[in-house]
Amino acid sequence: MGIKIIYEDKDILAIDKPSGILVHRDGKSKEKAITDWVMKNYPKMKNVGEPMGEIDRPGIVHRLDRETSGVLLLAKNQKAHEFLKNQFAEREIKKTYIAIVDGWVKLDHGVINKPIGRSPSDFRRRLAGRGAKGVMREAITEYRVVKRFIDKKNKFTYLELHPKTGRTHQIRVHMKFLNHPVACDSLYNPSGSCPKGISRLALHAKSIEFKNLKGKVVKIESPIPGEFKKVVK
């Protein structure tokens, strides 16, 4: 598993997660995950963090969906884990994503403030707005249009997004709510079109900004995927 380290100090590790890899095993298959790489390369992190049933989550303080690429933070010790988890809980960590979505988003910038619950028809999906079931959790996403373009006669919008909360599938659910689902999203946009050259979820965690244990603000960036660059020229 070729994983690129993009930041490291004695307490915190940040990697560039490829698309198509789980952060941690789902307990149902033997498919390798980021946590397997962590256990192999940083065995001392084995007991860092919070166990999830029978699944180990060494150093994991947040997650990215399997098909989402980009910056992933990990804690190398328990003190760092609690320190970072607190920053996430207090919404002090700044995250920036880029995405290509279906259609031309009308406003140049906006804020989606819509609680997210579960889909009544598919246990894998989340839902914002009417019809959602279960506990509705606050979810806020800011977005800015970078470019609107046409590819293969289909309209797309290239967005920069800043999720203020960290709900499961938040960006994917909020863009679906706006009727501009993320391109190539097999779960929320199964019948949508994909820009030429992109065969994966068109969502990338571009950067993350946090404080390290010395109190210094650190901003880490992941390069924009090559297939995104080719489409958004």
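Residues numbered from 1 in each chain as written. Predicted model: local features only at pLDDT ≥ 70, side-chain atom pairs only at ≥ 80, totals over all residues. Heavy atoms only, no water.

Q: Describe the overall build of the protein chain, naming the residues involved and giving the relevant values.
A: A tally of regular secondary structure across the protein chain gives four helices and 12 strands. Computed over its C-alpha atoms, the radius of gyration of the protein chain comes to 18 Å, within 12% of the 17 Å expected for a compact globule of 233 residues. By its C-alpha atoms, the protein chain is 50 × 40 × 35 Å across when sized along the principal axes. The buried share of the protein chain, taken over its 233 residues, is 49%. Sequence separation of at least 24 residues holds for 63% of the intrachain contacts in the protein chain that already meet a minimum separation of 6. When the accessible surface of the protein chain is split by element, carbon and sulfur atoms take 48% of a total near 12,400 Å². Charge separation in the protein chain, taken as the distance between the mean sites of 48 positive and 26 negative side-chain charges, equals 4 Å. (Helix = DSSP H or I, 4+ residues; strand = E, 2+ residues; numbered from the N terminus. Rg over C-alpha atoms; globule rule 2.2 N^0.38 Å. Buried < 20%, exposed > 50% of the residue type's maximum accessible area, 1.4 Å probe, protein only. Contact = heavy atoms within 4.5 Å. Areas by Shrake-Rupley, 256 points an atom, 1.4 Å probe, with all protein chains shown as cover. Lys, Arg positive; Asp, Glu negative; His and termini not counted. Charge placed at Lys NZ, Arg CZ, Asp CG, Glu CD.)

Q: Outline the state of the cysteines, listing residues and values.
A: Tallied over the full model, the rule gives one disulfide. Across the disulfide, Cys184 is cross-linked to Cys194 (sulfur-sulfur distance 2.4 Å). Separated by 10 residues along the polypeptide, Cys184 in the loop between α3 (170-177) and β11 (203-211) and Cys194 in the loop between α3 and β11 bring together distant segments of the chain. The exposure class of Cys184 is buried, given its relative accessible area of 13%. On the basis of relative accessible area, Cys194 is assigned to the partly exposed category, the value being 25%. (Disulfide = S-S within 2.5 Å.)

Q: Explain the side chain of Arg172 residue by residue, including any values.
A: Checked against the element boundaries, Arg172 lands in helix α3. Residue Arg172 is classed as buried on the basis of its relative accessible area, which comes to 8%. What Arg172 contacts, discounting residues up to four positions off in sequence, is Asp65, Val182, Asp185, Leu187, Tyr188, Leu201 and Leu203.

Q: Describe helix α2 (residues 78-89), and please don't skip the residues or the numbers.
A: Relative to the 16 Å expected for 12 residues at 1.5 Å per residue, α2 spans 16 Å between its end C-alpha atoms, a close match to the ideal helical length. Among the residues making up α2, those that are buried are Ala80, His81, Leu84, Gln87 and Phe88. Considered in projection along α2, the buried side chains sweep an arc of 130° and stay on one side of the axis. Looking at α2, the residues exposed on the side facing more than 90 degrees away from the buried face are Lys79, Glu82 and Ala89. Taken together, the buried residues of α2 touch β2 (12-17), β3 (69-75), β4 (94-102) and β11. At the N-terminal boundary of α2, the capping side chain belongs to Asn77, with an oxygen 3.3 Å from the backbone nitrogen of Lys79. Of the residues trailing α2, Arg91 is marked for its positive phi of about 60°. (Expected span 1.5 Å × (residues − 1). Arc of directions from axis to C-beta. Polar contact = N/O pair within 3.5 Å; in protein donor to acceptor, adjacent residues only side chain to side chain.)

Q: So what about unusual backbone geometry? Which residues, and what values?
A: Within the chain, Lys152 stands out as a residue other than glycine whose phi angle is a positive 50°. Its place among the elements puts Lys152 in the loop between β9 (140-151) and β10 (154-163). A residue is classified by how much of its surface remains accessible, and Lys152, at 51% relative accessible area, is exposed. Notably, His169 is not glycine yet its phi reads approximately 60°, a positive angle. Its location among the elements puts His169 in the loop between β10 and α3. Owing to a relative accessible area of 13%, His169 belongs among the buried residues under this scheme.

Q: I'd like a description of the pattern of salt bridges, backed by residues and values.
A: Scanning all chains against the criterion turns up 13 salt bridges. Taking the shortest distance from any N to any O, the salt bridge between Arg144 and Glu160 comes out at 3.4 Å. Residue Arg144 is located in strand β9, and its partner Glu160 is located in strand β10; the two are separated by 16 residues in the primary sequence. For Glu160, a relative accessible area of 14% gives the class buried. In this structure, the salt-bridge partner of Asp185 is Arg172, at a minimum N-O distance of 2.8 Å. Here the residue Asp185 occupies a position in the loop between α3 and β11, and Arg172 occupies one in helix α3, the gap between them amounting to 13 residues. For the pair Asp185 and Arg172, a shared accessibility class is recorded, and that class is buried. (Salt bridge = Lys/Arg side-chain N within 4 Å of Asp/Glu carboxyl O.)

Q: Explain the pairing of strand β12 (residues 217-221) to me, using residue names and the numbers behind them.
A: The alternating pattern of β12 places Val218 and Ile220 on a buried face and Val217, Lys219 and Glu221 on a face that is not buried. Direction of pairing for β11 relative to β12: antiparallel, over a ladder of five bridges. Bridged to Ser207 within β12 is Glu221. If you look at the hairpin formed by β11 and β12, you'll find five residues sitting between the two strands, and Gly215 has a positive phi there, around 90°. (Pairing = 2+ DSSP bridges.)

Q: So what's going on with helix α1 (residues 34-41)? Which residues, and what values?
A: Think of an α-helix as 3.6 residues a turn; residues three or four steps apart then line up on the same face. Along α1, the residues that are buried comprise Ile34, Thr35, Trp37 and Val38. Buried positions in α1, seen along its axis, are confined to an arc of 155° and lie on one side of it. Its buried side turned inward, α1 meets β1 (4-8), β2 and β3.

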